[in-house]
Each structure stands twice: as structure tokens, then as C-alpha cells.
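# Structure at a glance
Read off the chains here:
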Amino acid sequence: MTEIIKAIEKIAIEIYEAIKTKDTGKVDACNASGDIQVKLDVISDEIVEKYLLRVKSVKEIISEEKEAPVTKEDGKYLVAYDPLDGSSLIDVDLSVGSIFGIYENDYKGENIKAAVYVVYGPRVEMVVARDVVELFRLNEKTKEFEFVKELKLKEKGKILGPGGTQKNWYPFHKEMIDSFFAEGYRLRYSGGMVPDLHQILLKEGGLFAYPGTTDKPKGKLRKLFEVFPFAYVYKKAGGEAVDGFVDLLTLDYENYHDTTPCFFGSKEEIIKVLRTYKENK
Ligand code: AHG
Ligand code: MN
Ligand code: MN
């Protein structure tokens with residue numbers, strides 16, 4: 001596992017370099033998840049593949065940008081990753097990230113063993129969730145990730161990141177979001193799940209929601225590459241992660257690119273989500 005985390009540190013440094021120096025244009029293609037790719041999605045995917053396939057304990061990799069996994073002879077861990085999350089935000093110079101889920105046997109939520117994400121913002125930060133959740137920051141001079149602190153969520157927060165197209169929210173979902181704002185929650189939403197979830201985690205509480213909508217009943221965010229890794233991070237930090245009804249990490253998958261509605265937050269906010277969704281089933 002340590003080898004994988006060391007490889008992710010190298011990956012992060014190289015992707016950050018690419019973000020700063022490479023063309024931000026689009027590619028004339030869609031990825032396996034059906035999104036328009038930018039050149040940096042492809043470059044980042046190649047960087048991750050290059051480093052992860054060199055790691056002895058890695059048996060297989062699959063990414064948001066790949067149709068199917070790449071498998072090796074040996075190894076124990078399966079790594080599912082989103083090499084560049086929020087890539088459409090690079091053009092407007094907002095923060096983006098990389099997300100990694102490290103699994104054993106298959107990519108069921110219950111089989112995730114660790115999760116790591118990197119935020120490329122004014123500073124580069126990496127969060128590693130194993131038994132505990134730890135924050136590291138890149139020292140640009142030494143190119144080392146330095147430990148900053150352990151991260152823990154409180155029982156309740158003050159900020160809200162409500163994703164999805166509001167026109168297509170179900171009325172009960174809109175009522176729930178409105179009632180959080182009526183309680184005093186402040187809007188914190190950039191359109192990149194990595195910085196949005198990172199902010200809630202560092203501010204020690206709140207709610208990020210990407211619900212099912214009338215046009216996309218299964219939501220937008222992908223289980224293997226985005227949702228399960230962040231569910232693991234939030235749960236290990238003392239929060240909760242649900243699809244509206246159940247713990248996200250109890251979910252299975254049929255296809256590598258499956259999506260699910262998802263809610264990540266501190267305990268009190270998630271209780272309200274579960275109550276609201278149960279009442280409106
Ligand atoms: P990606 O750039 O990897 O395709 O995913 C971006 C994700 C996520 O970061 C964000 O929360 C969500 O897409 C926003 O999507 P919409 O603006 O389409 O709602
Ligand atoms: Mn993504
Ligand atoms: Mn992506």
C-alpha cells in the first residue's frame with residue numbers, strides 16, 4: 001500500500017506540472033463515461049498508468065478515461081481512478097483534482113481498502129484515508145509531501161455544496177436544500193467535487209450532494225472512480241456517505257462506469273438526507 005501512495009505522490013507532481021504547462025484544449029472524442037475529454041484528461045491518464053503499472057502490489061487499474069481495466073500478472077490491489085476531476089474547470093483556473101480508490105478482489109464498495117485524493121489549487125494537497133484520514137501538502141522546493149494533520153469531521157457543519165441541475169431536482173430534494181439554507185448553511189460550490197469535498201472536510205463539516213435528477217435518476221458521479229473513494233474518506237473521517245437510503249459502501253456495481261446519487265457529510269446533515277429521502281420514496 002505504501003508503494004502505491006508513493007507512486008501517487010510522483011503522479012501528483014507530474015500532473016500538476018502538466019496542468020501548469022500543457023494546452024487546455026479539447027480532444028475530438030468522448031471518454032468511456034461519455035464526457036467530452038480535454039487533452040489534459042488523456043495526458044493525466046497516461047501519467048497515472050505509467051506509474052501505477054510499475055508498482056509491484058498493483059494487479060489491475062481502471063480509470064474514468066478507460067473502457068476496460070489493464071491487468072498485470074502479479075499484484076494484489078485494484079486501483080480505480082479519476083486522473084483529472086473537474087477538467088472543464090482548468091480553462092477558468094479553478095481547482096481540480098485526482099481521485100484514487102484502492103480495492104481488493106473487485107470494485108464493490110465494501111472492498112475498498114484505502115482512498116487518496118489530490119487537490120491542485122493554489123497549493124497541492126493530498127489526503128490519504130486508511131485507518132485514519134491524513135492531510136499532506138507538497139513542498140514545492142523539496143518536491144516532498146509533508147504531513148500537516150489528521151482530519152476529522154464534527155457532528156454538524158455550516159456549509160453546503162448542492163450539485164446537479166436545479167431545474168431537474170425533484171421537488172422534495174429542492175425543499176431539503178432550501179431548508180438547509182433556511183437554517184443558515186452557506187453555499188460553497190465550485191463545480192469540482194474534489195475542492196468542494198475538500199473544503200467541507202477541512203472546515204470539519206457540512207454536506208455535499210449530487211442527487212439523482214429527473215434527467216439523470218442515477219446521478220452523474222461515478223461509483224468506482226469518484227463516489228466510493230470519497231465515501232471511504234468521509235466515513236474514516238467520522239462522517240457519513242449515503243445514496244439517499246443506504247451507506248454508499250454497501251453498493252455493488254454492474255458496469256465500471258456506473259453512477260449513483262451521492263451525499264457526503266457530517267452525521268447530522270446525513271440524518272436529515274436519510275429522513276427526507278425515506279419520507280419521499
Ligand atoms: P469530470 O471532470 O471528471 O468529468 O467530473 C466532474 C464532476 C465533479 O467534479 C463535479 O462535482 C461534477 O462533475 C459537476 O458536474 P455538472 O457541472 O455537470 O453538474
Ligand atoms: Mn470526475
Ligand atoms: Mn475526470
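Residues numbered from 1 in each chain as written. Chains lettered and ligands numbered in written order. Predicted model: local features only at pLDDT ≥ 70, side-chain atom pairs only at ≥ 80, totals over all residues. Heavy atoms only, no water.

### Some words on the overall build of the protein
Scanning the protein from N- to C-terminus turns up six helices and 15 strands. For a compact globule of 281 residues, the expected C-alpha radius of gyration is about 19 Å, and the protein comes in at 18 Å, within 12% of that figure. Principal-axis analysis of the C-alpha atoms gives the protein an extent of 50 × 40 × 35 Å. Within the protein, the fraction of its 281 residues that count as buried is 55%. (Helix = DSSP H or I, 4+ residues; strand = E, 2+ residues; numbered from the N terminus. Rg over C-alpha atoms; globule rule 2.2 N^0.38 Å. Buried < 20%, exposed > 50% of the residue type's maximum accessible area, 1.4 Å probe, protein only.)

### Looking at the coordination of the manganese ion (ligand 2)
Within the protein, Asp-82 (OD), Asp-85 (OD) and Glu-226 (OE) serve as the donor atoms for the manganese ion (ligand 2), at 1.9 to 2.1 Å. Spacing between the donor residues of the manganese ion (ligand 2) along the chain follows D-x2-D-x140-E. (Donors = N, O, S within 2.8 Å, 3.2 Å for Na, K, Ca; no water.)

### What to know about the domain arrangement of the protein
Under the domain assignment used here, the protein contains domain 1 (2–150) and domain 2 (159–279). One C-alpha centre belongs to domain 1, the other to domain 2; they are set 21 Å apart. Contacts between domain 1 and domain 2 engage 42 residues on the former and 27 residues on the latter. Between domain 1 and domain 2 lies a buried interface of about 2700 Å² when both sides are counted; carbon and sulfur atoms form 66% of it. On the domain 1 side of the interface with domain 2, the three residues burying the most area are Ile-99, Tyr-107 and Tyr-117, jointly 20% of the side's total. Between domain 1 and domain 2 we count one salt bridge in total. (Domains from an automatic or database assignment. Contact = heavy atoms within 4.5 Å. Buried area = accessible area lost by both parts, 1.4 Å probe. Salt bridge = Lys/Arg side-chain N within 4 Å of Asp/Glu carboxyl O.)

### Section: the sheet that holds strand S11 (residues 159–162)
If you trace the five strands from one edge of the open sheet to the other, you get S12-S11-S13-S15-S14, paired in mixed fashion. Sheet topology places strand S12 (186–187) and strand S14 (240–242) at the edges, where each strand pairs with a single neighbour. Of the strand pairs in this sheet, S14 and strand S15 (residues 262–265) are connected by three bridges, and their pairing is antiparallel. Following the sheet pairing, Glu-240 is matched in S15 by Gly-265. (Pairing = 2+ DSSP bridges.)

### Re the packing of aromatic side chains
Applying the stated rule across the entire model yields 17 aromatic pairs. Ring pairing ties together the aromatic residues Tyr-117, Tyr-189, Phe-208, Phe-230, Tyr-234 and Phe-264, which thus form one cluster. In this structure, Arg-54 packs its charged tip against the face of Tyr-51, placed 5.1 Å from the ring centre. Over the ring of Phe-180 we find Lys-272, and its NZ or CZ is 4.3 Å from the ring centre. (Phe/Tyr/Trp six-rings, centres within 6.5 Å; stacked < 30°, edge-to-face > 60°. Lys NZ or Arg CZ within 6 Å of the ring centre and 35° of its normal.)

### A closer look at the coordination of the manganese ion (ligand 3)
At the metal site, the manganese ion (ligand 3) is ligated by Glu-64 (OE), Asp-82 (OD) and Leu-84 (O), and these contacts range over 2.3 to 2.5 Å. Positions of the donor residues of the manganese ion (ligand 3), expressed as sequence spacing, correspond to E-x17-D-x1-L.

### Some points on the packing of helix H4 (residues 193–202) against helix H5 (residues 223–236)
Interhelical geometry of H4 versus H5 gives an angle of 10 degrees and a closest axis separation of 12 Å. When the axes of H4 and H5 are compared, the pair comes out roughly parallel. Facing Met-193, Val-194, Leu-197, Ile-200 and Leu-201 of H4, the residues of H5 in contact are Glu-226, Phe-230, Val-233 and Tyr-234. Looking at side-chain class alone, the contact of H4 with H5 contains eight nonpolar, no polar and one charged residues. (Axes fitted to C-alpha atoms, helices over the stretch in contact; angles between N-to-C directions. Parallel < 35°, antiparallel > 145°, perpendicular 65-115°, else oblique. Nonpolar A, V, L, I, M, F, W, Y, C, P; charged D, E, K, R; others polar.)

### Concerning the pairing of strand S6 (residues 96–104)
Counting buried positions along S6 yields eight of nine residues, so the element is predominantly enclosed. Note that strand S5 (residues 77–85) and S6 share seven bridges and pair antiparallel. What sits directly across from Leu-78, in S6, is Tyr-103. Bridge count for S6 against strand S7 (residues 112–120) is eight bridges, and the pairing is antiparallel. When the bridges of S7 are listed, Phe-100 appears paired with Val-116.

### Some points on the layout of surface pockets
Its boundaries defined by the atoms lining it, the largest pocket holds a volume of some 520 Å³. Contributing to the lining of the largest pocket are 30 residues, with Gly-86, Ser-87, Ser-88, Gly-191 and Lys-220 lying nearest its centre. Considering every element that reaches the lining of the largest pocket, the biggest residue donor is S5, with three residues. When grouped by side-chain class, the residues that make up the lining of the largest pocket number ten nonpolar, eight polar and twelve charged. Residues lining the lining of the largest pocket come from more than one domain, with at least three contributed by each of domain 1 (2–150) and domain 2 (159–279). (1 Å grid on protein atoms, 1.4 Å probe; cavity = no way out; pocket = protein on both sides within 12 Å on 5 of 7 lines; lining within 4 Å. Points joined across faces, edges and corners; volume = space filled by probe spheres on them.)

### Here's the deal with the packing of helix H1 (residues 2–21) against helix H2 (residues 39–52)
Axes are the key here: two packed helices are described by the angle between their axes and the distance separating the axes. Two numbers describe how H1 lies on H2: the axes approach to 9 Å, and their chain directions differ by 155 degrees. With respect to H2, the axis of H1 lies roughly antiparallel. The chirality of how H1 crosses H2 is right-handed. Contact residues: H1 offers Ile-4, Ala-7, Lys-10, Ile-11, Glu-14, Ile-15, Ala-18 and Ile-19, while H2 offers Leu-40, Ile-43, Ser-44, Ile-47, Val-48, Lys-50, Tyr-51 and Leu-52. Per-class residue counts for the contact of H1 with H2 are twelve nonpolar, one polar and three charged. (Left-handed = near helix turned anticlockwise from the far one by under 90°.)

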